[in-house]
Amino acid sequence: MTVYRSRHALPGPLTPDRVLDVVLPRTPLCRRGYRVDEVDALLYRLVHELRDRTRQLDLTRAENHRIKEALRTWQTRHTEERSRARQAG
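Figured I'd write up the structure that's included with this text.

### Some remarks on the overall build of the chain
Thinking step 1. Looking only at helices and strands, the chain has two helices and zero strands in total.
Thinking step 2. Scored against the burial criterion, the 89 residues of the chain give a buried share of 11%.

### Here we look at the pattern of salt bridges
Thinking step 1. Overall, the coordinates contain six salt bridges when judged by the stated rule.
Thinking step 2. The partner of Glu49 in a salt bridge is Arg45, and the shortest N-O contact between them spans 2.7 Å. One end of the pair is Glu49 and the other is Arg45, both in helix α2 (residues 36-88) and four residues apart, which spans about a single turn. Note on accessibility: Glu49 and Arg45 belong to one class, buried.
Thinking step 3. In this structure, Arg72 and Glu69 form a salt bridge, with 2.7 Å as the shortest nitrogen-oxygen distance. Taken as a pair, Arg72 and Glu69 lie in helix α2 at a separation of three residues, close to a single helical turn.
Thinking step 4. A residue is classified by how much of its surface remains accessible, and Arg72, at 45% relative accessible area, is partly exposed.
Thinking step 5. Bridged by salt links that share partners, the residues Arg45, Glu49 and Arg53 form one connected network.

### What about the environment of Pro13?
Thinking step 1. Tracing the chain through its elements places Pro13 in the segment before α1 (16-20).
Thinking step 2. Sequence separation of Pro13 and Arg45 is 32 residues, and the distance between their C-alpha atoms is 10.0 Å.

Basis of the calculations
Residues numbered from 1 in each chain as written. Predicted model: local features only at pLDDT ≥ 70, side-chain atom pairs only at ≥ 80, totals over all residues. Heavy atoms only, no water. Helix = DSSP H or I, 4+ residues; strand = E, 2+ residues; numbered from the N terminus. Buried < 20%, exposed > 50% of the residue type's maximum accessible area, 1.4 Å probe, protein only. Salt bridge = Lys/Arg side-chain N within 4 Å of Asp/Glu carboxyl O.

Structural measurements only, silent on function.
Printed below as a string of structure tokens:
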């Protein structure tokens, strides 16, 4: 998995608990609100990781489908061969 790197965002892979624990720095002079660049960096990181995980999930589902189809084909062929062998012998 590719991890988006930013000096503003959390290091390492994101997990739900880590996202919940995020404490964004206050604006200068402790004014209300968050620093826009910190929020934007975190949002870009979230988008990047979610896209990557969605892509990985799609690839995993496609591979799972391919394996299931191969198994079904093998089972059908194996059953037909056994049936022919019983009829012949």
